[in-house]
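Here are the chains, one letter per residue:
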Amino acid sequence: MTVDPPLSSQRCIDTVSESGSRLEENRALASSYRALGDLVRAEEFLDDAVEALGRISDAPERAALKLEAAQLAVARRDLPEGRAAVELALKEYSRLDSQIDQAACWRLLGQIE
């Protein structure tokens, strides 16, 4: 049985599809399906995004993928994997001096503890 994303997620997906890369599109889809609770599909799209990232050097996108991986691990209740991924994202965002994204990492770490 296929579940369609809610309208707000669909708008996000449509916007990314029109203006972003395949990598960003796959990350957005992973996030949308994670929010819907379809963790298998979310992981498939995240794996596709990680594969696409392997061909380019993009530190902000690498950090965003780590954060999404952490959120997916937490949703699967794999807290050690979630903690490891969010700590990697936090280090990357610290190097990039992205305070808002660092705050998102700290918030997720708070949920893990």
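What counts as what
- Residues numbered from 1 in each chain as written.
- Predicted model: local features only at pLDDT ≥ 70, side-chain atom pairs only at ≥ 80, totals over all residues.
- Heavy atoms only, no water.
- Helix = DSSP H or I, 4+ residues; strand = E, 2+ residues; numbered from the N terminus.
- Contact = heavy atoms within 4.5 Å.
- Salt bridge = Lys/Arg side-chain N within 4 Å of Asp/Glu carboxyl O.
- Buried < 20%, exposed > 50% of the residue type's maximum accessible area, 1.4 Å probe, protein only.

Novice: Can you help me understand the side chain of Gln102 in this one?
Specialist: Mapped onto the fold, Gln102 is located in helix H6 (residues 99-112). The residues touching Gln102, leaving out its near neighbours within four places in the chain, are Leu90, Tyr93, Ser94 and Asp97.

Novice: How should the pattern of salt bridges be read in this particular structure?
Specialist: Oppositely charged side chains can pair when the atoms bearing their charge come close. Within the structure shown, the criterion is met by eight salt bridges. In this structure, the salt-bridge partner of Glu25 is Arg22, at a minimum N-O distance of 3.3 Å. Of the two residues, Glu25 and Arg22 both sit in helix H2 (residues 22-36), three residues apart, roughly one turn of that helix. Accessibility expressed as a relative area gives 55% for Arg22, which makes it exposed. Of the charged contacts in the structure, one is a salt bridge between Glu43 and Arg76, with a shortest N-O distance of 3.6 Å.

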